[in-house]
Amino acid sequence: NIFIAGSRFYFLSRPRRFGKSLLVSTLKELFSGNKELFKNLWIYNSDYNWQEYPVIHLDFSVIAHRSSEQLEKNLVKHINNIAQNYNVNISQDQNPEGAFYDLIQELSKINKVVILIDEYDKPILDHLNNIEEAEKQREILRSFYGVIKGQDANLRAVLLTGVTRFAKTSIFSGLNNLNDITLKPETAQLLGYTQDELIKYFTHYIENFAKKLNISNQELLKELKYWYNGYRFSEENIYVYNPFSVLYSLNDTKFTNYWFTSGTPTFLIHLISNQYYSLETLD
């Protein structure tokens with residue numbers, strides 16, 4: 001509901017494998033007016049008006065960025081593909097910010113535009129072992145995201161997601177209306193599973209897992225909580241389970257560090273190894 005009735009410019013940071021991309025794709029279908037996809041869910045029978053908005057959806061995990069030149073080229077390519085999907089014409093042979101600006105202007109003639117940007121920080125994080133290249137890509141992204149500033153009249157909603165919270169004075173220079181909901185109480189349970197959700201939606205899997213280990217359901221829930229609970233995204237006493245680990249654990253019927261083998265933030269390993277000689281010095 002926060003994305004529907006709240007303010008319009010949002011930033012959300014969460015660890016990898018926590019459902020950010022699923023959230024983005026869900027919002028894309030919502031703002032595209034695909035009501036039937038939400039049948040049997042709360043919003044289907046709510047007073048939401050199901051208007052169809054043009055959506056600019058960019059996922060930087062699939063936009064190649066081995067170099068700053070490649071980032072610019074492929075970003076323009078993705079912008080042009082979105083324009084073609086909506087049958088609008090934008091000027092060719094532009095830089096990314098020029099193509100982005102033109103796309104917003106043209107789509108706003110259809111209806112107010114929704115901008116959804118997933119993994120906004122990936123081109124920077126993937127080059128932290130080469131600071132010169134990382135800075136080049138950061139400058140490209142700074143100019144690109146800067147296009148959003150001043151487009152209030154043309155925009156219905158904006159959401160950027162990533163695994164880091166870069167200072168607004170850095171990559172989001174000028175976007176002072178961006179509402180950072182990363183550690184807000186109202187979004188503490190937005191991603192990840194709560195205790196109630198785990199029990200309500202995974203009863204069958206919990207029973208099977210407990211039966212295999214020859215323990216009670218309550219004992220199994222205690223183990224799941226020990227392994228995968230404990231993520232806290234606000235000052236409120238609200239905890240959520242890592243969804244990636246829970247799904248794999250219930251499917252495989254075993255306990256192991258699933259997230260660490262798949263979602264480890266490599267950029268942190270680089271930073272720690274370059275700046276700290278001993279983990280004991282980290283406070």
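Here the structure is shown first, and the text comes after it.
## Description of the packing of helix 8 (residues 203–213) against helix 10 (residues 243–252)
Interaxial distance between helix 8 and helix 10 falls to 8 Å at its minimum, and their mutual angle equals 55°. By the angle between their axes, helix 8 is oblique relative to helix 10. Seen along the crossing, helix 8 lies across helix 10 with a hand that is left-handed. Between helix 8 and helix 10, the contacting residues are Tyr205, Ile206, Phe209 and Lys212 on the first element and Ser249, Leu250 and Asp252 on the second. Looking at the contact of helix 8 with helix 10 residue by residue, the class counts come to 4 nonpolar, 1 polar and 2 charged.

## Brief notes about the pattern of salt bridges
Within this structure, the stated rule accounts for 4 salt bridges. Residues Lys109 and Glu106 are paired through a salt bridge, measuring 3.1 Å at the closest nitrogen-oxygen approach. Classification of Glu106 as partly exposed rests on a relative accessible area of 25%.

## Topic: the environment of Ser234
Structurally, the position occupied by Ser234 is in the loop between helix 9 (217–228) and helix 10. When the C-alpha atoms of Ser234 and Pro185 are compared, they prove to be 5.3 Å apart, with 49 residues separating the residues in sequence. When near neighbours in sequence (up to four residues on either side) are disregarded, Ser234 contacts Leu183, Lys184, Pro185 and Ala188. In this structure the side chain of Ser234 is engaged in a polar contact, spanning 3.0 Å, whose partner is the backbone nitrogen of Glu236.

## Details of helix 10
When helix 10 is considered as a whole, its buried residues turn out to be Pro243, Phe244, Ser245, Val246, Ser249 and Leu250. In this structure Asn242 caps helix 10, since a side-chain oxygen of it lies 3.0 Å from the backbone nitrogen of Phe244. Count one or two residues on from helix 10 and you reach Thr253, which has phi positive near 50°.

## Describing the packing of aromatic side chains
Applying the stated criterion across every chain, the model contains 18 aromatic pairs. Residues Phe11 and Tyr120 carry aromatic rings whose centres are separated by 5.3 Å and whose planes lie at 85° to one another, so their mutual orientation is edge-to-face. Placement of the pair is Phe11 in strand 1 (residues 9–13) and Tyr120 in the loop between strand 3 (113–118) and helix 5 (122–125), with a sequence separation of 109 residues. Each member of the pair, Phe11 as well as Tyr120, carries the same accessibility label: buried. Pairing Phe18 with Phe233 gives two aromatic rings, centres 5.6 Å apart and planes at 85°, and the pair type is edge-to-face. Taken together, the positions of Phe18 in the loop between strand 1 and helix 2 (20–31) and Phe233 in the loop between helix 9 and helix 10 put the pair 215 residues apart, joining distant regions of the chain. On the basis of relative accessibility, which here comes to 9%, the residue Phe233 falls in the buried class.

## Looking at the nonpolar core
Ranked by internal contacts, the top residues of the largest apolar core, which has 39 residues, are Ile56, Leu58, Phe60, Phe100, Ile115, Tyr145 and Leu160. Looking at this core, the elements with two or more residues in it are strand 1, strand 2 (55–59), helix 3 (68–85), helix 4 (96–107), strand 3, helix 5, helix 6 (131–146) and strand 4 (155–162).

## Things to note about helix 3
Its 18 residues give helix 3 an end-to-end C-alpha distance of 26 Å, which sits within 8% of 26 Å, the value for a rise of 1.5 Å per residue. By the burial criterion, the buried members of helix 3 are Ser68, Gln70, Leu71, Asn74, Leu75, Val76, Ile79, Asn80, Ile82 and Ala83. Elements in contact with the buried residues of helix 3: strand 2, helix 4, helix 5 and helix 6. Positioned one or two residues after helix 3, Asn87 has a phi angle of 55°, which is positive.

About the thresholds
Residues numbered from 1 in each chain as written. Predicted model: local features only at pLDDT ≥ 70, side-chain atom pairs only at ≥ 80, totals over all residues. Heavy atoms only, no water. Axes fitted to C-alpha atoms, helices over the stretch in contact; angles between N-to-C directions. Helix = DSSP H or I, 4+ residues; strand = E, 2+ residues; numbered from the N terminus. Parallel < 35°, antiparallel > 145°, perpendicular 65-115°, else oblique. Left-handed = near helix turned anticlockwise from the far one by under 90°. Contact = heavy atoms within 4.5 Å. Nonpolar A, V, L, I, M, F, W, Y, C, P; charged D, E, K, R; others polar. Salt bridge = Lys/Arg side-chain N within 4 Å of Asp/Glu carboxyl O. Buried < 20%, exposed > 50% of the residue type's maximum accessible area, 1.4 Å probe, protein only. Polar contact = N/O pair within 3.5 Å; in protein donor to acceptor, adjacent residues only side chain to side chain. Phe/Tyr/Trp six-rings, centres within 6.5 Å; stacked < 30°, edge-to-face > 60°. Core = buried A, V, L, I, M, F, W, Y, C linked by side-chain atoms within 4.5 Å. Expected span 1.5 Å × (residues − 1).

The values reported here are purely geometric and, on their own, carry no functional implication.
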